[in-house]
Amino acid sequence: MINVIVELSKYIILTLMIVYTFHCFYAVRQPDNDERNELLQRQLTLIFSMDFMAFLVIYLKTFDFKVVQFYVEMLGFFAIIQILYRIFYKKASLLLLNNMCMLLSIGFIMLCRLDITTANKQLLIASAANIIALVIPVMIRKMRFLRKLTWIYAAIGIILLAAVFVLARTSYGAKLSLLGVQPSEAIKITFVFFLASFLSRDISFRAVIQVSVVAALHVGILVLSRDLGSAVIFFAAYLVMVFVATRNAGYLALGIAGGSAASVVAYHLFGHVRQRVSAWKDPMAVYQNEGYQIVQSLFAIGTGGWFGMGLCQGSPESIPVVKNDFIFSAICEELGGIFAICLILVCMSFFLMIVNIALRIINPFYKLIALGLGTEYAFQVFLTIGGASKFIPMTGVTLPLVSYGGSSVLSTIIMLAIIQGLYILREDEDEEFEKRRKEAVQRIRAREEAGRTGQI
């Protein structure tokens, strides 16, 4: 009987995920507010239904009461977050909130299946991050001086990255963390704020040179620390923000050419880079060494097929660092390729919503912040999934909100809270604009009426 439930569950979970993904895109195009709210409520039902089915399967396969306890705590966490946002921020984007809950759900499911202790840590970190995140939208609205802290953002980023380079120990071939914290995750935010603050006030050639020097210091220290994934994310955010601020395609072309040249230089200078490129080109040739991770990842993806083997039916534990860098491979193996494609589409929906918010913001400082954070999110997703599927060389970054990682989850939730703050700010501006428009129309009509009365 248990095997029948497990086999049926993967099709039920897949169906729920497909419907949720459809709602992500359909809700954006829905002009009627009541209909959109109904779709968003359905998304919550789909999330809770998927969680119930997934954790039922995990419990039936393990008979570990800790799974039930974790499930109850997780439901409480999601319920509290949904309620608090609706109480304190009535204009918040519920689609962004639902997507965050869905991605966290997928991560909790896989982590609970792999290691219940790790899942509990992730839930604790996510809870603390969301407590902090609840005050971020208020800060965005009230703290107008954030635009003036240009060089403070730059100093914080460079000093913390330099401290990691000097003091941190090498782990998995790179210097990433200091005292158990990965500063580069937080610096992603300060780096975007620095670029937005500078470029929103000055887009002259001299300003672009100054910004480029500071960006080069950030990226250079990351490369020396062998944190190649973060270096690529920082560089991508820099290119997009400079291009959007200046609208000069020459800067974009020059940046891409410079980045390509720097990649070639890094390949010849650093053996760590050569190993990853070698593993990417022909992982089977170096299977016993640097190619082992990617080969195991590809085996897992291929084994899962379109529909997956079912939760607790595969062997994702054979993939090194599966809870961090290769959780996408575990998802493919047990939940299937179609589920993984839906996950990618949900991430894409996330990014498109952030871009849509940015395009509708008038203030250039806030517009650049939204674009920068959205770019960092999109590139992190691309690097993680591309590396796990051998589309690009592995860079060692986590899948936002899904992979295990305290610093990554914390920074991503804070980034999304900033986006929520910008969305609410935009809604306030639209409301104020509509109010002024109606007042202007009323004044015009009053003048016309007065004119007609005078003629009579």
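Structural data are supplied above this passage.
This structure is a prediction, so every number in the text was calculated from the model and none was measured.

Turning our eyes to something else, we now look at the state of the cysteines. This model, assessed by the stated rule, comprises 0 disulfides. With no disulfide of its own, Cys-112 lies 8.4 Å from the sulfur of Cys-312, the closest cysteine sulfur. Left unpaired, Cys-342 is separated from the closest cysteine sulfur, that of Cys-24, by 9.6 Å.

All right, on to the environment of Gly-250 then. When you line up the elements, Gly-250 lands in helix 11 (residues 249–269). What makes Gly-250 partly exposed here is its relative accessible area of 43%. Taking the C-alpha atoms as reference, Gly-250 lies 25 Å from Ser-230; in sequence the two are 20 residues apart.

Our next topic: the packing of helix 4 (residues 94–114) against helix 15 (residues 337–359). It is the contact of helix 4 with helix 15, at a shortest axis distance of 11 Å, that shows an interaxial angle of 150 degrees. Relative to helix 15, the element helix 4 lies roughly antiparallel. Crossing of helix 4 against helix 15: the hand is left-handed. From helix 4, Leu-95, Leu-96, Asn-99, Met-100, Leu-103 and Ile-106 reach across to helix 15, where they touch Phe-339, Leu-343, Val-346, Cys-347, Ser-349, Phe-350, Met-353 and Ile-357. A breakdown of the residues in the contact of helix 4 with helix 15 according to their chemical character gives 12 nonpolar, 2 polar and no charged.

One pair of aromatic rings is described through two measures. These are the centre distance and the angle between the planes. Inspection of every chain in the model, using the stated rule, returns 21 aromatic pairs. Three or more aromatic residues joined by ring pairs make a cluster, and in this case those are Phe-55, Phe-70, Tyr-71, Phe-77, Phe-78 and Phe-108.

What follows deals with a nonpolar patch on the surface. Taken together, the side chains of Tyr-11, Trp-306, Phe-307 and Ile-341 make up a nonpolar region of the molecular surface, amounting to roughly 430 Å² of accessible area. In this fold, Phe-307 is placed in the loop between helix 13 (292–304) and helix 14 (327–335).

Let us now look at the nonpolar core. Nonpolar side chains tend toward joint burial in soluble globular proteins. In terms of nonpolar packing, the biggest core is built from 131 residues, with Phe-55, Met-100, Phe-108, Ile-369 and Ile-418 touching the most fellow members. Leaving out residues up to four positions away in the same chain, Ile-418 has contacts with Ile-136, Ile-140, Ile-189, Phe-193, Ile-369 and Leu-373. Within the second largest apolar cluster, 5 residues are counted, among which are Leu-228, Ala-266, Phe-270 and Val-273.

Conventions adopted
Residues numbered from 1 in each chain as written. Predicted model: local features only at pLDDT ≥ 70, side-chain atom pairs only at ≥ 80, totals over all residues. Heavy atoms only, no water. Disulfide = S-S within 2.5 Å. Helix = DSSP H or I, 4+ residues; strand = E, 2+ residues; numbered from the N terminus. Buried < 20%, exposed > 50% of the residue type's maximum accessible area, 1.4 Å probe, protein only. Axes fitted to C-alpha atoms, helices over the stretch in contact; angles between N-to-C directions. Parallel < 35°, antiparallel > 145°, perpendicular 65-115°, else oblique. Left-handed = near helix turned anticlockwise from the far one by under 90°. Contact = heavy atoms within 4.5 Å. Nonpolar A, V, L, I, M, F, W, Y, C, P; charged D, E, K, R; others polar. Phe/Tyr/Trp six-rings, centres within 6.5 Å; stacked < 30°, edge-to-face > 60°. Patch = residues over 30% accessible without salt bridge, like charges linked within 9 Å, V, L, I, M, F, W, Y side chains within 5 Å. Areas by Shrake-Rupley, 256 points an atom, 1.4 Å probe, with all protein chains shown as cover. Salt bridge = Lys/Arg side-chain N within 4 Å of Asp/Glu carboxyl O. Core = buried A, V, L, I, M, F, W, Y, C linked by side-chain atoms within 4.5 Å.

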